[in-house]
Amino acid sequence: MFWVLLLLLAWAVAGTACTRLCLAAVHAAASDAKEATSGQGHDLTLYEAAFLSGGPRRVADLTLVSMARQRRLLLAHTGWATVVDPRGRDEMERSVIGAIGPEGQSRIEPVRNAAAAADAVGSLADRLVSAGLAVPDGARNGTAAAVRQVQLAAVAVLALGAVALLTPAQSDMPTHLIALWFALPFVLTLSCLTIARIEIHPYAQWASPAGQRLLSALVRHSRGGDDRTYLTSVALRGVRAIGEPDLRAAFAHREPHHHAFHRHD
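Residues numbered from 1 in each chain as written. Predicted model: local features only at pLDDT ≥ 70, side-chain atom pairs only at ≥ 80, totals over all residues. Heavy atoms only, no water.

The next subject is the packing of helix 3 (residues 56-69) against helix 5 (residues 108-116). Helix packing for two helices is described by the angle between their axes and how far apart those axes are. Closest axis-to-axis distance for the helix 3/helix 5 pair is 8 Å, and the angle between their directions is 120 degrees. When the axes of helix 3 and helix 5 are compared, the pair comes out oblique. In this structure, helix 3 meets helix 5 at a crossing whose hand is right-handed. Along its contact with helix 3, which presents Pro 56, Arg 57, Ala 60, Asp 61 and Leu 64, the element helix 5 presents Ile 108, Glu 109, Val 111, Arg 112, Asn 113, Ala 115 and Ala 116. Looking at side-chain class alone, the contact of helix 3 with helix 5 contains 7 nonpolar, 1 polar and 4 charged residues. (Axes fitted to C-alpha atoms, helices over the stretch in contact; angles between N-to-C directions. Helix = DSSP H or I, 4+ residues; strand = E, 2+ residues; numbered from the N terminus. Parallel < 35°, antiparallel > 145°, perpendicular 65-115°, else oblique. Left-handed = near helix turned anticlockwise from the far one by under 90°. Contact = heavy atoms within 4.5 Å. Nonpolar A, V, L, I, M, F, W, Y, C, P; charged D, E, K, R; others polar.)

Below, the structure written as structure tokens:
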């Protein structure tokens, strides 16, 4: 009956992971209820909209594009940034100029990374969290970690089931029935992941429900062809909203080890 012990272990792994995910969902829902009235009367700045839409890297991208359109920064299609005007007009711009370095020229990808990690973006994030417009790191990371645990649990259940099926028969239980028993905890993990994708996915984003409402209002009111409308599109959609081919090409150059990680662009 060795397979029974493996089955119990599979249920323990799946049950623990799914319970953690449910608790993370409940915690996120409770936070949303507290923030239901947050942000009333708050007008988002472009930097705030960028952070709520795509996080720190989106803020860095918006700053780079804004400075490039004002001809204070040259972004070459080869992936290099060159400072034209070294006087930053706000903390974000000064962070970008500082990331480029004293030589006034650097590859764009390291500049994006350094600017995204700058204190200016961290302060912006803290203000948005305090205003109830951004999801705190703990809530976002907790939910993401719970989802990863369920994914690992699904793999573990499959592995335990495979071991049970490959172990020489020690009972009269048919193989297909053993497989069916292990299919139950596996289905449990898949069901939790499906529900998480539908219900919990919004909580893993940068904006809280209150922040998402402000973003939706910003989308509705961002009409026209002026420069602010253009930058609003970049803040909301990322570099894919850039219309100029050369400018888009500048952001297409990535460091090799970053290729798989830029989901917010």
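This part covers the layout of surface pockets. Roughly 220 Å³ of internal volume is contained in the second largest pocket. Residues that form the lining of the second largest pocket fall into these classes: 5 nonpolar, no polar and 4 charged. (1 Å grid on protein atoms, 1.4 Å probe; cavity = no way out; pocket = protein on both sides within 12 Å on 5 of 7 lines; lining within 4 Å. Points joined across faces, edges and corners; volume = space filled by probe spheres on them.)

This part takes up the UniProt feature "signal peptide" (unreviewed entry) in the protein chain. What UniProt calls "signal peptide" (unreviewed entry) maps, in this numbering, to residues 1-24. Along residues 1-24 one finds 96% helix and 0% strand; the C-alpha atoms at either end are 36 Å apart. (UniProt positions renumbered as here; feature names shortened; annotations may be inferred.)

Right, let's get into the pattern of salt bridges. What the rule picks out here adds up to 7 salt bridges. As a salt-bridge pair, Asp 227 and Arg 69 come within 2.6 Å of each other at their nearest N and O atoms. With Asp 227 in helix 10 (residues 227-237) and Arg 69 in helix 3, this pair connects stretches of sequence that are 158 residues apart. Owing to a relative accessible area of 34%, Asp 227 belongs among the partly exposed residues under this scheme. Taking the relative accessible area as the measure of exposure, Arg 69 reaches 28% and is therefore partly exposed. Between Glu 244 and Arg 69 there is a salt bridge, and its shortest N-O distance comes to 2.9 Å. Pair noted here: Glu 244 is in the loop between helix 10 and helix 11 (245-252) and Arg 69 is in helix 3, with a separation of 175 residues, a long-range link. Overlapping salt bridges bring together Arg 57, Asp 61, Glu 109 and Arg 112 as one network. (Salt bridge = Lys/Arg side-chain N within 4 Å of Asp/Glu carboxyl O. Buried < 20%, exposed > 50% of the residue type's maximum accessible area, 1.4 Å probe, protein only.)

Further remarks concern the confidence of the model for the protein chain. Caution is warranted with low-pLDDT regions, since their predicted coordinates should not be read in detail. Residue-level pLDDT values for the protein chain average 84, and 83% of them are 70 or greater. Taken as a whole, residues 255-265 scores under 50 in pLDDT and shows 22 contacts with residues more than four places along the chain or in a different chain. (pLDDT = per-residue confidence, 0-100.)

A few words now on the UniProt feature "transmembrane region" (unreviewed entry) in the protein chain. When the UniProt feature table is mapped onto this chain numbering, "transmembrane region" (unreviewed entry) sits at residues 150-166 and 178-198. The distance from the first to the last C-alpha atom of residues 150-166 is 24 Å, and the span holds 100% helix and 0% strand. The annotated region residues 178-198 carries 100% helix and 0% strand content, and the separation between its end C-alpha atoms amounts to 31 Å.

Moving on: the sheet that holds strand 1 (residues 73-75). Within the open sheet, the 3 strands sit side by side as 1-2-3. Their pairing is antiparallel. Looking at strand neighbours, the two that pair on one side only are strand 1 and strand 3 (105-107), the edges of this open sheet. The average undirected angle you get between the axes of adjacent strands in this sheet is 20 degrees. Sheet topology note: the strand 2 (residues 80-83)/strand 3 ladder contains 3 bridges and is antiparallel. Note that in strand 3 the partner of Thr 82 across the bridge is Gln 105. (Pairing = 2+ DSSP bridges.)

Attention shifts here to the environment of Thr 143. Tracing the chain through its elements places Thr 143 in helix 7 (residues 137-166). According to the relative accessible area criterion, Thr 143 is buried, its value standing at 4%. Put simply, Thr 143 and Cys 22 are 121 residues apart on the chain and 9.3 Å apart in space, counted from C-alpha to C-alpha.

Moving on, we come to the side chain of Ser 53. Assignment of secondary structure puts Ser 53 in helix 2 (residues 46-54). Apart from residues lying up to four places away in sequence, Ser 53 is in contact with Arg 58, Leu 215, Ala 235 and Leu 236.

Once that is clear, we can look at the pairing of strand 2. Across the two faces of strand 2 the burial differs, with Ala 81 and Val 83 buried and Trp 80 and Thr 82 not buried at all. What sits between the antiparallel neighbours strand 1 and strand 2 is a turn of 4 residues, in which Gly 79 has the positive phi angle 95 degrees.

Summed over all chains, the structure comprises 2 cavities of 30 Å³ or more. Empty space within the second largest cavity amounts to approximately 30 Å³. For the second largest cavity, the full set of lining residues is Val 59, Ala 60, Thr 63, Met 92, Ser 95, Val 96, Ala 115 and Val 121. The class makeup of the residues in the lining of the second largest cavity is 6 nonpolar, 2 polar and no charged.

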